[in-house]
Amino acid sequence: MKIGIIGAGNIGGNLTRRLTALGHDVAVANSRGPETLRELAEETGATPVQAEDAAKGAQVVVVTVPLKAVPLLPDGLLDGAAEGAAVIDTGNYYPQRDGRIAAIEDEGLTESRWTERHLGHPVIKAFNGTYAQDILDRPRPAGDPDRLALPVAGDDEAAKRTVRALIEELGFDTVDAGGITDSWRQQPGTPVYGLQAGVEAVRKALAEASPERPADFRA
């Protein structure tokens, strides 16, 4: 598949490494310009591009930037994506880093719903509670008892299927965590956030989540 990755930090960089290794055509962008991605491009074979070009023709777009950077992304970021493109949101709200976001804290929007509104496109929430190094170190074949499971939330069922299939290709199981309205179950401070476990433990953790935002994740 043609995949665009916007953000080349720990998650974005390691997804670039794994997805190119699997044979996908990856374009990667960051906020500092393609010239700063030369080493990653040489290592992986990915194409470094400007952020506004990352989604062009892409069947999957990964947005993996701090929440405070989402409103600063170029207008029309996803206009050139392939029809029916799946957009993955890996983001988390950390008020100490992002500043206070009233729509999340006062209006009760989930983090991904807030991001979705800024992007103007449905998103699939995935990888937000995944350790970046696990993307490189923890892939396992299907059926392996040590295979980790990742929660995946989203309203677009076709896009969710695409994302779940891609995650399974990366070497992880998936658990359907519901729609974006339900995605609070995998936000920071919930039992599943950062959980390194299989399908049943992830399902249990999602079920045990509380909708009340923990004090550590409020401004």
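In the block above lies the structure referred to throughout.
Source: prediction; values computed, not measured.

Enquirer: So what's going on with the overall build of the protein? Residues and values would help.
Expert: Counting secondary structure elements, the protein contains 8 helices and 8 strands. In terms of overall size, the protein behaves like a compact globule, its C-alpha atoms giving a radius of gyration of 16 Å where 219 residues would be expected to give roughly 17 Å. Taken along its principal axes, the extent of the C-alpha atoms in the protein is 45 × 40 × 30 Å. Within the protein, buried positions represent 53% of all 219 residues. Considering only residue pairs separated by 6 or more positions, the protein has 68% of its internal contacts joining residues 24 or more positions apart. Side chains of the protein carry 23 positive and 33 negative charges; the gap between the two charge centres is 2 Å.

Enquirer: So what's going on with the pairing of strand 2 (residues 25-29)? Residues and values would help.
Expert: Among the 5 residues that make up strand 2, 4 are buried, leaving the element largely enclosed by the rest of the structure. Sheet topology note: the strand 1 (residues 2-6)/strand 2 ladder contains 5 bridges and is parallel. Residue pairing for strand 2: Gly4 is matched across the bridge by Ala27. The handedness of the strand 1 to strand 2 crossover, carried by helix 1 (residues 10-21), is right-handed. Looking at chain direction, strand 2 and strand 3 (residues 47-48) are connected through 2 bridges and run parallel. Residue pairing in the sheet places Val28 in a bridge with Pro48 of strand 3.

Enquirer: I'd love a proper account of the pattern of salt bridges, names of residues and values included.
Expert: Taken as a whole and judged by the stated rule, the model has 15 salt bridges. Salt-bridge contacts for Lys125 lead to Glu111; the nearest nitrogen and oxygen are separated by 3.9 Å. With a gap of 14 residues between them, Lys125 in strand 6 (residues 124-125) and Glu111 in helix 5 (residues 111-119) connect regions that are remote in the sequence. Each member of the pair, Lys125 as well as Glu111, is classed as buried.

Enquirer: I'd love a proper account of the packing of aromatic side chains, names of residues and values included.
Expert: Across all of its chains, the model carries 1 aromatic pair by this definition. Considering the side-chain rings of Tyr94 and Phe217, the 6.3 Å spacing of their centres and the 45 degrees angle between planes classify their relative orientation as tilted. Placement of the pair is Tyr94 in the loop between strand 5 (86-89) and helix 3 (95-98) and Phe217 in the segment after helix 8 (199-207), with a sequence separation of 123 residues. Taking relative accessible area as the criterion, Tyr94 reaches 21% and is therefore assigned partly exposed.

Enquirer: Now, about the sheet that holds strand 2: what can you tell me, with residues and values included?
Expert: Within the open sheet, the 8 strands sit side by side as 3-2-1-4-5-6-7-8. Their pairing is mixed. At either margin of the open sheet sits one strand with a lone partner, and together these are strand 3 and strand 8 (173-176). Across the sheet, helix 7 (residues 157-170) touches strand 1, strand 4 (60-63), strand 5, strand 6, strand 7 (149-154) and strand 8, and the angle it forms with strand 8 is around 155 degrees. Against the sheet, helix 8 contacts strand 7 and strand 8, and its axis sits at roughly 30 degrees relative to strand 8.

Enquirer: Would you mind going over the packing of helix 1 against helix 7 in detail, with residue names and values included?
Expert: Packed helices, taken two at a time, are described by their axes: the angle between them and the distance between them. Across the interface, helix 1 lies against helix 7 with an axial gap of 10 Å and an inter-helix angle of 80 degrees. Considered as vectors, helix 1 and helix 7 are oriented roughly perpendicular to each other. Touching Leu15, Arg18 and Leu19 of helix 1 are Leu166, Glu169 and Leu170, all from helix 7. Split into classes, the residues belonging to the contact of helix 1 with helix 7 amount to 4 nonpolar, no polar and 2 charged.

Enquirer: Describe helix 5, listing the residues and the values that go with them.
Expert: Helix 5 sits mainly inside the fold: 7 of its 9 residues count as buried. Against the buried residues of helix 5 lie strand 4, strand 5, helix 4 (102-105) and strand 6. Remark: Gly120 follows helix 5 within two positions and exhibits a positive phi of approximately 70 degrees.

Criteria and thresholds
Residues numbered from 1 in each chain as written. Predicted model: local features only at pLDDT ≥ 70, side-chain atom pairs only at ≥ 80, totals over all residues. Heavy atoms only, no water. Helix = DSSP H or I, 4+ residues; strand = E, 2+ residues; numbered from the N terminus. Rg over C-alpha atoms; globule rule 2.2 N^0.38 Å. Buried < 20%, exposed > 50% of the residue type's maximum accessible area, 1.4 Å probe, protein only. Contact = heavy atoms within 4.5 Å. Lys, Arg positive; Asp, Glu negative; His and termini not counted. Charge placed at Lys NZ, Arg CZ, Asp CG, Glu CD. Pairing = 2+ DSSP bridges. Right-handed = clockwise from strand over helix to strand, strands pointing away. Salt bridge = Lys/Arg side-chain N within 4 Å of Asp/Glu carboxyl O. Phe/Tyr/Trp six-rings, centres within 6.5 Å; stacked < 30°, edge-to-face > 60°. Axes fitted to C-alpha atoms, helices over the stretch in contact; angles between N-to-C directions. Parallel < 35°, antiparallel > 145°, perpendicular 65-115°, else oblique. Nonpolar A, V, L, I, M, F, W, Y, C, P; charged D, E, K, R; others polar.

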